[in-house]
Each structure stands twice: as structure tokens, then as C-alpha cells.
Amino acid sequence: MNLVIGATGSLGGLICHRLLKDGRTVRALVRERSDYSSLQAGGAQVALGDLKNPRSLERACVGVRSIIATATAAGRAGDDTIDAVDRQGYADLIDAAPAAGVRQFIFISAHGFDADSPVALARAKAETEERLRGSGIPYTILRPGLFMEAWVSMILGSQLQTGTTVTVMGDPDLRLPFVGTANVADLALAVLGSEEAIDSVLPLSAQAVSYRQIVTWIEKATNRSIAIESVPPGTEIPGFPPTVLELWSWLATGGIEPIETVGAAMRYGLALEVPEAFVARVFG
């Protein structure tokens, strides 16, 4: 049995449906108020619970061989805080896993996150990584770069819905590592059950490019001119939640190394979608 945490999110949902399509058993941890009808229709076993409820995590882990954890409180509100979900919630999940005999814990972290980061989400993810490494549970930690669906489609695409100028925090020529959600799902499924991937940390980035280059590709795909307005890191940009602005400010000050991991992708048989192809597909 494969337990997916964050099963109603874009990445977790994709992983669930692909596991089901491959004929693998899936238990999806979902909250009672969430829409999990497509998971049930696809054959997933639903476990009602929450990362903020330790007892529900214990129940969800019973009989589970592997955990794929994608959930985060980034972008949420109310009592779904980084501290409650990304720190304490994952601590409780890691505590629940050994008693259930979990043989692999796949944790989706992020490239560049560490315990000394000024970003609360980064510190919480780094703390979870450290706790997982010290737990004795066989683990695989994935560290993807910036999801293009968020940092291209949302960041730029949402602004282009209302005009032909995009605001970019910091230097628009700064190169950043990008990756697609589908490719992160590809890697999660490739390492599932892989002895080679046990107790390893795997970064993933299709290509490092700048926002200026991405805007040039969008201009080509949409056949229109787009202006770039650069603002200093820390500037409040209307329409974006505080967690996104905090991350963006960190990125704009050089917080993340512009890596590319084509060799690692080839090792696991991944066909990475590069940003130019992503822009042509999404904006064309």
C-alpha cells in the first residue's frame, strides 16, 4: 500500500492517479472538506485525516509500505500554518511511520532550502529532512527547483491577464532553476521501490533561465510585446500571498543556485520539459 500525503494537491493528485493507472494500491490522506471524488472514482482508498491530527496519521500509516509526502501549508490560511503543517505535522508523520513498518518515505522538499534560510517554509522543510534522516526510516528526499506552473504560469501568466507589463522582483536577468510538476511526479514514481534511491537526496531541475528569457519566449508564443518592471526584493506586489512574496524576495537575493540535473534525470529515465517548451505549450 502506498500512502500519499497531499493527495488533493496538483502534485499529489497527479502521483495518485498515475499510481492507480499503473495498478498500484493507493491510500490518500484527505481532509473531510476537500474534494476527493476523483481519487475515489479512480480506485484510491480514502483515509480521512490531517497532518495537524497525529491520531489520523497513525491510522493512515497502518499497513503502508511507502509514503509519498507532497503536502505543504504554503498558500493556505487559518490554522494551516507552516509551523503546524510543515514542521509539527511532518514530525508527527515521521513518528507514526516506524510502528507501521514503512519501508520507504519519499519526501518532496525543495532545492536550496536549509536550516539557516530567512524563509520560514525553507527552515521547516530543512528540519523535516533532518528529522527524516535521523529517524531510521529508509528515505528518499526529492529537491525540485521552481515549479513552472507556479513561478511561470502563476507569477507571469496572472499578471498578463490584465495587461502587457509584468513585475519581477529583483534582477530579471538572474538565472533560476525551473522544473515541471509532471517531471517531479516522474521522479517520485521512478524512485518508488528503488533500492538505488534509498537514503538519497535527489535535486531536479530541467534548466536554469532568467525571467527576461522566459518573457521573450512568452512574447513569441503570444505575438505581443511585454514590458518588465523590476522592483527591489521585499516589495509587496499586489495579488500575491505573503508566502510567495517571502520566497520570491529570497530568490531575488540569490538564495538558490541555478542548477541543471539532466544527468540525474537520464539515470531515472526522465524526459524533462524545458522552460521554452513549457511556455510554448501553456501560452501558445
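Residues numbered from 1 in each chain as written. Predicted model: local features only at pLDDT ≥ 70, side-chain atom pairs only at ≥ 80, totals over all residues. Heavy atoms only, no water.

With that settled, consider the nonpolar core. Counting residues in hydrophobic clusters, the biggest one holds 66 residues, and the most contacted among them are Ile67, Leu93, Phe105, Trp151, Phe178, Tyr211 and Ile214. In contact with isoleucine 67, not counting residues within four places along its chain, are Leu3, Ile5, Cys61, Leu93, Ala97, Val102, Gln104, Phe105 and Ile106. In this structure, Cys16, Ala185, Ala206 and Tyr268 belong to the second largest nonpolar core, which totals 33 residues. (Core = buried A, V, L, I, M, F, W, Y, C linked by side-chain atoms within 4.5 Å. Buried < 20%, exposed > 50% of the residue type's maximum accessible area, 1.4 Å probe, protein only. Contact = heavy atoms within 4.5 Å.)

The strand order across the open sheet built from 3 strands is 7-9-11, with neighbouring strands paired in mixed fashion. Single-partner strands in this sheet number two, and they are strand 7 (146–147) and strand 11 (207–210). Alignment of strand 7 against strand 9 (residues 175–179), held across 2 bridges, turns out to be parallel. Bridge pairing links leucine 146 to phenylalanine 178 in strand 9. (Pairing = 2+ DSSP bridges. Helix = DSSP H or I, 4+ residues; strand = E, 2+ residues; numbered from the N terminus.)

Now for the sheet that holds strand 6 (residues 139–144). One open sheet accounts for 7 strands, arranged 3-2-1-4-5-6-10; its pairing is parallel. Sheet topology places strand 3 (45–48) and strand 10 (200–204) at the edges, where each strand pairs with a single neighbour. Direction aside, the axes of adjacent strands within the sheet are offset by 20 degrees on average. Bridge count between strand 5 (residues 104–108) and strand 6: 4 bridges; the pairing is parallel. (Axes fitted to C-alpha atoms, helices over the stretch in contact; angles between N-to-C directions.)

Attention now moves to the packing of helix 4 (residues 82–100) against helix 5 (residues 120–133). Packing of helix 4 against helix 5 leaves a shortest axis separation of 9 Å and a crossing angle of 5 degrees. By the angle class used here, helix 4 and helix 5 are roughly parallel. Within the contact between the two elements, helix 4 uses Ile82, Asp86, Arg87, Tyr90, Ala91 and Ile94 and helix 5 uses Ala120, Leu121, Arg123, Ala124, Lys125, Glu127, Thr128, Arg131 and Leu132. (Parallel < 35°, antiparallel > 145°, perpendicular 65-115°, else oblique.)

Before going further, it helps to examine the state of the cysteines. Under the defined criterion, the tally for this structure stands at 0 disulfides. The closest cysteine sulfur to the non-disulfide-bonded cysteine 16 is located on cysteine 61, 14 Å from its own sulfur. Cysteine 16 gets classed as buried once you look at its relative accessible area, which sits at 0%. (Disulfide = S-S within 2.5 Å.)

A separate point is the pattern of salt bridges. Between side chains of opposite charge, a pair can form when the charged atoms approach closely. Applying the stated criterion across every chain yields a total of 14 salt bridges. Residue arginine 212 is joined to aspartate 173 by a salt bridge in which the shortest nitrogen-to-oxygen separation is 2.7 Å. Residue arginine 212 is located in helix 8 (residues 211–222), and its partner aspartate 173 is located in the loop between strand 8 (165–169) and strand 9; the two are separated by 39 residues in the primary sequence. Among the ionic pairs, glutamate 260 bridges to arginine 175, the shortest N-O distance being 3.8 Å. (Salt bridge = Lys/Arg side-chain N within 4 Å of Asp/Glu carboxyl O.)

With that settled, the discussion passes to the environment of leucine 57. Topologically, leucine 57 is positioned in helix 3 (residues 54–61). For leucine 57, a relative accessible area of 1% gives the class buried. It is 21 Å that separates the C-alpha atoms of leucine 57 and leucine 14, two residues lying 43 residues apart in sequence. Ignoring sequence-local partners within four residues, the contact set of leucine 57 consists of Leu29, Asp50, Leu51, Gly89, Asp92, Leu93 and Ala96.

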